[in-house]
Amino acid sequence: MPVSRLIETPDTNELTILYQDEWLVAVDKPAGMLVHRSFLDKHETRFVMQTLRDQLGQHVFPVHRLDRPTSGVLLFALSSEVARLLSEQNANQHWYKGYLAVVRGYLQQGGTLDYPLKEQQDKIADKFSSNDKAAQSAVTDYLPLAQVELPIPVGRYPAARYSLVALSPRTGRKHQLRRHLAHLRHPIVGDTSHGDGKHNRLFREHLNCAQLLLMAKQLILTHPMNGQTLCIEASLASWQPLLQQLGWPQQTSFYQQAFEQLYKEQR
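These figures come from a predicted structure and were not determined experimentally. (Residues numbered from 1 in each chain as written. Predicted model: local features only at pLDDT ≥ 70, side-chain atom pairs only at ≥ 80, totals over all residues. Heavy atoms only, no water.)

1. Considering the pairing of strand β1 (residues 16-20)
Link 1 in the chain: In this structure, β1 lies alongside strand β2 (residues 24-29), joined through four bridges in antiparallel fashion. Residue pairing across strands places Gln20 opposite Val25, the latter belonging to β2.
Link 2 in the chain: The antiparallel pairing of β1 with β2 creates a hairpin that spans three residues between the two strands. (Pairing = 2+ DSSP bridges. Helix = DSSP H or I, 4+ residues; strand = E, 2+ residues; numbered from the N terminus.)

2. Details of the side chain of Ser168
Link 1 in the chain: When you line up the elements, Ser168 lands in strand β8 (residues 160-169).
Link 2 in the chain: One polar contact links Ser168 to Gln266, side chain to side chain, over a distance of 2.7 Å.
Link 3 in the chain: If sequence neighbours within four positions are ignored, Ser168 has contacts with Lys97, Thr140, Asp141, Leu262, Tyr263 and Gln266. (Polar contact = N/O pair within 3.5 Å; in protein donor to acceptor, adjacent residues only side chain to side chain. Contact = heavy atoms within 4.5 Å.)

3. Structural notes on the pattern of salt bridges
Link 1 in the chain: This structure, assessed with the given rule, holds 13 salt bridges.
Link 2 in the chain: When the shortest N-O distance is used, the salt bridge between Arg84 and Glu81 registers 2.6 Å. Of this pair, Arg84 and Glu81 both sit in helix α2 (residues 80-91), three residues apart, roughly one helical turn.
Link 3 in the chain: Take Arg84: its relative accessible area is 38%, and that puts it in the partly exposed class.
Link 4 in the chain: It is possible to trace a salt-bridge network through shared partners that takes in Arg65, Asp67, Arg178 and Asp191. (Salt bridge = Lys/Arg side-chain N within 4 Å of Asp/Glu carboxyl O. Buried < 20%, exposed > 50% of the residue type's maximum accessible area, 1.4 Å probe, protein only.)

4. Focus: helix α3 (residues 176-183)
Link 1 in the chain: Burial analysis of α3 places six of its eight residues in the buried class, the great majority of the element.
Link 2 in the chain: Regarding α3, the residues found buried are Gln176, Leu177, Arg178, Arg179, His180 and Leu181.
Link 3 in the chain: At its buried positions, α3 is contacted by β5 (96-104), β6 (111-114), β7 (139-150), β8 and β9 (214-222).
Link 4 in the chain: Of the residues flanking the end of α3, it is Arg185, one or two places downstream, whose phi is positive at about 65°.

5. Looking at the environment of Pro144
Link 1 in the chain: Mapped onto the elements of the fold, Pro144 is located in strand β7.
Link 2 in the chain: The spatial distance from the C-alpha of Pro144 to the C-alpha of Ala166 is 6.3 Å, given a sequence separation of 22 residues.
Link 3 in the chain: Filtering out sequence-adjacent residues up to four positions away, Pro144 remains in contact with Leu107, Gln108, Gln109, Gly110, Leu164 and Val165.

Purely geometric stuff here, so don't read any function into it on its own.
Listed below in structure tokens is the structure:
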């Protein structure tokens, strides 16, 4: 299958484009950047959608989203018709999505978590919405890839243990991966909503890492116009210093193999 190649973007204020043709474009979303303007974050001045529009000199149409603190592959269409086709693919679960996360503790074995989630509502945006909706189906495949023990006391323990995990959501509920890992009692490091503050602080103070350690590393889809299979990969560059410190793999091929193992469960 075609694998995306990194398209260089020399301006540091521009987004890194991972794939582009006349119908769609994928970028490597930085952690902490909002996808589009929101009245909930009025002080923000930089957004993926507006930055990409200015960078390309044309309108772009979002077809899915990533949470603000999540980095990685984010896809846009270059027309409303292509946006409709891509959105239908995503809604019908025809995409394969591969994420990486660093979680608290030793996750010993992989599996599939089928754990319905109630819709999360925002206190301001959803204050008039009904809160009695039934939980929605939510399914995540997960696979531990590496572990490490750091000789740093945390809480009542003399050392801290962490796992590097590959994840592939079959559904797309709000904060699904963050909530599912917390349900497994292996919250994602850096998660201020569903995580463990003691471990978040350890990463900030000892590893100089203050971000949510969740990356949308890979997206595989069928091109809506020519039928080709696209495999779009985000760069590991922002994670490389941490991976090196923890002694974990840095080769993209290692993670491609892990995702392929997860996708087998979905075919």
